[in-house]
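Fold and geometry: a report
In case you want the letters, here they are:
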Amino acid sequence: MNTNRLSKKIEDILNSQVTKEAEAAQVYLSYGCWADSKGYSGIANYFFRHCKEERNHMMKVIQYIMGRGGEVKITDTKGPSKNPNSLQDCFEKTFKHEVENTTAIYEIVNLAHDEKDWATYNFAQWFVQEQIEEEKLIMDLLDKLKIAGGDKASDESLFNLDEYLGQAPDHAPLPREASMDKPE
Ligand code: FEO
């Protein structure tokens, strides 16, 4: 008896997402190492924490595939792209990676919708929300760097930014949680 509740296409796209989340973890890991090599230990810490988040995302998809009776296929991952050439470049590349991941999540949502696979559609909604948060976190990094002076930031403002990011929250507040009493 076939107990696999995933179509072949859904199983394939979810397995591809497992690889994407693993690759995202490698991007954060490599940027963390790069930041540390430049003396930004706070920013490195921030990226290392997010590396772990991406591994957790990968595990969620693996658990979902297994829980639906599907087959998980662990494949090779692409190595991270070359090192950024500045903090601005680092944060911009990170944002681009997150937007690409959002597009991949939307493809899962679209396929689940087309196939009327409401279980996968429902599962993917967690990731839709998570991507809002992840994109917001990186937008905030870019905003903070801009305030610090961007590529022309002084050593002192970069020192302060590094200190701040070493302890920055790992989660961004979501609009749906906002109220007039608690705007953010
Ligand atoms: Fe797992 Fe940053 O998306």
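So, a few notes on the structure that sits alongside this text. (Residues numbered from 1 in each chain as written. Predicted model: local features only at pLDDT ≥ 70, side-chain atom pairs only at ≥ 80, totals over all residues. Heavy atoms only, no water.)

Observations concerning the overall build of the chain
Scanning the chain for helices and strands turns up five helices and zero strands. Mapped from its N terminus to its C terminus, the chain presents α and β elements in the order α-α-α-α-α. In terms of its C-alpha atoms, the chain occupies a principal-axis envelope of roughly 65 × 45 × 20 Å. A total of 184 residues make up the chain; the buried ones form 45% of that total. (Helix = DSSP H or I, 4+ residues; strand = E, 2+ residues; numbered from the N terminus. Buried < 20%, exposed > 50% of the residue type's maximum accessible area, 1.4 Å probe, protein only.)

Quick word on helix α4 (residues 118-148)
For α4, with 31 residues, the first-to-last C-alpha span of 45 Å sits near the 45 Å given by 1.5 Å per residue. Phi turns positive, to about 120°, at G149, one or two residues after α4. (Expected span 1.5 Å × (residues − 1).)

Some thoughts on the packing of helix α1 (residues 8-37) against helix α2 (residues 41-67)
Running from N to C, α1 and α2 point in directions that differ by 170°, and their axes come no closer than 8 Å. If you check the angle between α1 and α2, you find them roughly antiparallel. The residue inventory of the contact of α1 with α2, partitioned by class, reads 20 nonpolar, six polar and four charged. (Axes fitted to C-alpha atoms, helices over the stretch in contact; angles between N-to-C directions. Parallel < 35°, antiparallel > 145°, perpendicular 65-115°, else oblique. Nonpolar A, V, L, I, M, F, W, Y, C, P; charged D, E, K, R; others polar.)

Observations regarding the environment of L142
Here L142 shows up in helix α4. Other than its neighbours up to four places away in sequence, L142 contacts Q88, F91, E92 and F95. (Contact = heavy atoms within 4.5 Å.)

Digging into the nonpolar core
Judged by nonpolar contacts, the single largest core of 27 residues is most densely connected at I43, F47, L87, F91, L158 and L165. Those elements that provide at least two residues to this core are α1, α2, α3 (87-114), α4 and α5 (155-166). Beyond its immediate chain neighbours, meaning those up to four positions away, I43 contacts A35, L87, F91, D162 and L165. One finds L14, I108, V109 and F123 within the second-largest nonpolar core, a separate group that totals 20 residues. (Core = buried A, V, L, I, M, F, W, Y, C linked by side-chain atoms within 4.5 Å.)

Observations regarding the packing of aromatic side chains
Here the structure, examined in full by the defined rule, presents eight aromatic pairs. Both rings, one in Y28 and one in F47, keep their centres 5.7 Å apart while their planes meet at 40°; by these two values the pair is tilted. Here the residue Y28 occupies a position in helix α1, and F47 occupies one in helix α2, the gap between them amounting to 19 residues. With a relative accessible area of 0%, F47 lands in the buried category. Centroid distance F47 to F91: 6.3 Å. Interplanar angle 35°. Geometry classified as tilted. (Phe/Tyr/Trp six-rings, centres within 6.5 Å; stacked < 30°, edge-to-face > 60°.)

Thoughts on the pattern of salt bridges
Tallying each qualifying case throughout the model produces six salt bridges. Linking D170 and R49 is a salt bridge whose minimum nitrogen-to-oxygen distance equals 2.8 Å. Of the two residues, D170 sits in the segment after α5 while R49 sits in helix α2, which places them 121 residues apart along the sequence. With its nearest N and O atoms 3.1 Å apart, the salt bridge here joins K136 to D140. With K136 and D140 both in helix α4, this residue pair falls four residues apart, about one helical turn. Judged by its relative accessible area of 24%, K136 falls in the partly exposed class. (Salt bridge = Lys/Arg side-chain N within 4 Å of Asp/Glu carboxyl O.)

Comments concerning the packing of α2 against α3
Two quantities define a packed helix pair, namely the angle between the axes and the distance from one axis to the other. With their axes 13 Å apart at the nearest point, α2 and α3 run at an angle of 15° to one another. Comparing the axis directions of α2 and α3 gives the class roughly parallel. α3 is crossed by α2, and the crossing has left-handed handedness. Contacts from I43, F47 and E54 of α2 reach α3 at L87, C90, F91, T94 and E98. (Left-handed = near helix turned anticlockwise from the far one by under 90°.)

As for α2
The first and last C-alpha atoms of α2 sit 39 Å apart over 27 residues, in line with the 39 Å expected at 1.5 Å per residue. Once α2 finishes, G69 follows within two positions and takes phi at roughly 80°, a positive value.

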